[in-house]
Amino acid sequence: MITRLAVLSLLAVAAAANAQTPASKWPTQDGSYDIANFHFKDGESIDKLHLHYITLGKPHRDATGHTDNAILLLHGTGGDAHSLMNPVFSNVLFGPGQPFDITKYFLILPDDIGHGQSSKPSDGLHMKFPQYDYDDMVTSQHTMLLEGLHVDHLRLILGTSMGCMQSWVWGETFPTFMDALAPFACYPVELAGRNRMTRYIAIESIKNDPAWKNGEYTSEPVLGLRGAEAMLLIMGSAPLQMQKNYPTRAQSEKYVDDYFARTIAHADANDMIYYVNASRNYNPEPKLSTIIAPALWINSADDFINPPETGEFIINPRILSKMPKTKYIDIPISDATRGHGTHTNAAVWKQYLIDFLAQTEKK
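Residues numbered from 1 in each chain as written. Predicted model: local features only at pLDDT ≥ 70, side-chain atom pairs only at ≥ 80, totals over all residues. Heavy atoms only, no water.

Caption draft 1: Broad picture of the overall build of the protein. Scanning the protein for helices and strands turns up eleven helices and eight strands. Computed over C-alpha atoms, the radius of gyration of the protein comes to 20 Å, within 12% of the 21 Å expected from 2.2 N^0.38 for 363 residues, which places it in the range of a compact globule. Here the protein holds 363 residues, and 57% of them are scored as buried. For the protein, the proportion of contacts with a sequence separation of at least 24, taken over those separated by at least 6, is 79%. Counting only carbon and sulfur atoms, one obtains 56% of the accessible surface of the protein, whose full area is about 15,100 Å². Charged side chains in the protein number 30 positive and 39 negative. The centres of these two groups are separated by 4 Å. (Helix = DSSP H or I, 4+ residues; strand = E, 2+ residues; numbered from the N terminus. Rg over C-alpha atoms; globule rule 2.2 N^0.38 Å. Buried < 20%, exposed > 50% of the residue type's maximum accessible area, 1.4 Å probe, protein only. Contact = heavy atoms within 4.5 Å. Areas by Shrake-Rupley, 256 points an atom, 1.4 Å probe, with all protein chains shown as cover. Lys, Arg positive; Asp, Glu negative; His and termini not counted. Charge placed at Lys NZ, Arg CZ, Asp CG, Glu CD.)

Caption draft 2: Summary view of the state of the cysteines. Applying the stated rule across the entire model yields one disulfide. Through a disulfide, Cys164 is tied to Cys186; the S-S separation comes to 2.0 Å. Across the S-S bond of Cys164 and Cys186 the torsion is about -65°, and the bridge reads as left-handed. With Cys164 in helix α4 (residues 162-173) and Cys186 in the loop between β6 (181-184) and α5 (193-207), this residue pair connects regions lying 22 residues apart in the sequence. Accessibility expressed as a relative area gives 1% for Cys186, which makes it buried. (Disulfide = S-S within 2.5 Å.)

Caption draft 3: The arrangement of the environment of Pro27 in detail. When you line up the elements, Pro27 lands in the loop between α1 (4-20) and β1 (29-39). Ignoring anything within four residues of it in the chain, the contact list for Pro27 reads Thr55, Leu56 and Ile102.

Caption draft 4: View of the side chain of Ser279. Within the element layout of this structure, Ser279 appears in the loop between α9 (269-277) and β7 (295-300). The residues touching Ser279, leaving out its near neighbours within four places in the chain, are Tyr134, Leu191, Arg196 and Arg199.

Caption draft 5: The arrangement of the packing of aromatic side chains in detail. Evaluated as defined, the whole model comprises 16 aromatic pairs. The interplanar angle of 55° and the centroid separation of 5.2 Å between the aromatic rings of Trp170 and Phe174 together place this pair among those described as tilted. By way of ring pairs, the aromatic residues Trp26, Phe89, Phe94, Phe184 and Trp349 are connected into one cluster. Taking NZ or CZ as reference, Arg194 lies 3.7 Å from the ring centre of Phe304, over its face. Arg226 extends its terminal NZ or CZ atom over the ring of Phe260, reaching a point 4.1 Å from the ring centre. (Phe/Tyr/Trp six-rings, centres within 6.5 Å; stacked < 30°, edge-to-face > 60°. Lys NZ or Arg CZ within 6 Å of the ring centre and 35° of its normal.)

Caption draft 6: Representation of the environment of Lys58 within the structure. Mapped onto the secondary structure, Lys58 falls in the loop between β2 (45-56) and β3 (70-74). For Lys58 and Asn316, which are 258 residues apart along the polypeptide, the C-alpha to C-alpha distance reads 38 Å. Not counting the four nearest positions on each side in its chain, Lys58 is found in contact with Asn69, Tyr105 and Phe106.

Caption draft 7: Looking closely at the environment of Lys48. Here Lys48 is to be found in strand β2. Sequence separation between Lys48 and Asp179 is 131 residues, and the spatial gap between their C-alpha atoms is 31 Å. When neighbours within four sequence positions are excluded, Lys48 is seen to be in contact with Asp34, Ile35, Asn37 and Ser119.

Caption draft 8: Representation of unusual backbone geometry. Phi at His150 takes a positive value of approximately 55°, unusual for a residue other than glycine. One can find His150 in the loop between α3 (134-148) and β5 (156-160). A relative accessible area of 52% places His150 in the exposed class. Phi at Asn214 is positive, roughly 55°, even though this residue is not glycine.

Caption draft 9: The arrangement of the layout of surface pockets in detail. The space that makes up the largest pocket amounts to roughly 340 Å³. In terms of lining residues, the largest pocket is bounded by 24 residues, among which Glu190, Ala192, Asn195, Thr310 and Ile315 are the most central. When residues of the lining of the largest pocket are traced back to their parent elements, those giving at least two are α5 and α10 (308-319). In the lining of the largest pocket, the residues fall into 13 nonpolar, six polar and five charged. (1 Å grid on protein atoms, 1.4 Å probe; cavity = no way out; pocket = protein on both sides within 12 Å on 5 of 7 lines; lining within 4 Å. Points joined across faces, edges and corners; volume = space filled by probe spheres on them. Nonpolar A, V, L, I, M, F, W, Y, C, P; charged D, E, K, R; others polar.)

Caption draft 10: How the structure looks around the pattern of salt bridges. For the structure shown, the criterion picks out eleven salt bridges. One salt bridge in this structure joins Lys362 and Asp179, with 3.5 Å as the shortest N-O distance. You can see Lys362 sitting in the segment after α11 (350-359) and its partner Asp179 sitting in the loop between α4 and β6, a full 183 residues away along the chain. A relative accessible area of 60% places Lys362 in the exposed class. Under the relative-accessibility criterion, Asp179 is labelled buried at 15%. Note that Lys322 and Glu285 form a salt bridge whose closest N and O atoms lie 3.6 Å from each other. Of this pair, Lys322 sits in the loop between α10 and β8 (326-331) while Glu285 sits in the loop between α9 and β7, and the two are 37 residues apart along the sequence. (Salt bridge = Lys/Arg side-chain N within 4 Å of Asp/Glu carboxyl O.)

Structure below.
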């Protein structure tokens, strides 16, 4: 499914984009790895943590036997391994001669904990599932790469939204594991202010629906999900595109009705609570100076979740000095940007990525 919180603003234009550029039949390979007795950061554990992933291309090893062409692509909240197979991302980046040419690179796209085909509350544990966070996700990804895929080094980590935040965690937790980082659509500080408020509203909307029954529902708590999905819709939307594509009241209301019908049909309330709340203790700021990998950090000016004024007036003045190897770009609003979902619309930032890969190429 398309990432809810990460690319909701692309939904309005996805049908048109797909009609103009049909999705390619990319030769993905499915894989999975089970981690026995996985211990979460808060002390909880699970007998078997199942992690699913897809890959494209083949790994290559240098003269010393280390992988040198692997790229980890991390999806956003509510997404899965297929989120970045969206044509506006994959068709722009994966082809011959493109930045992530699959004849040159080994691309790894995981389903994070709580997402896709990986272990999640809806598998049966419901609210007894361990309360995972981004640190747990990164730790499990690292184990999956080393033990499951035998990848001991990454050329690049590119993460979108939740994946953006995980990229900073990666850089701090395993600083020498990657050559470079590309975090798109987030801030490397404690998730607070309006960003946390909107997530908290979504969570509380579900929990305050009597049909939720403390997570032991037999049918989805639809009223709670409608409130949560409404908040996620607003968070991910791009005002310019919404006004352009839905210029009448009738069109606007139909979009909302269709959106509810589409998302609620595939939603699980407990899963949503968990993946929205996984950001609760995210705060890489105290250790930003320990990141040694160069980073290409991109936000867009129409991102409701990560608004530029927050960065300009509060966040960036105090953190950019801690990250001398980071290039920060705030993409201005244009007809090409898609709010928070600009992170998936690769044509907007492709040239920045090309330049960054050239700058970080080992000589």
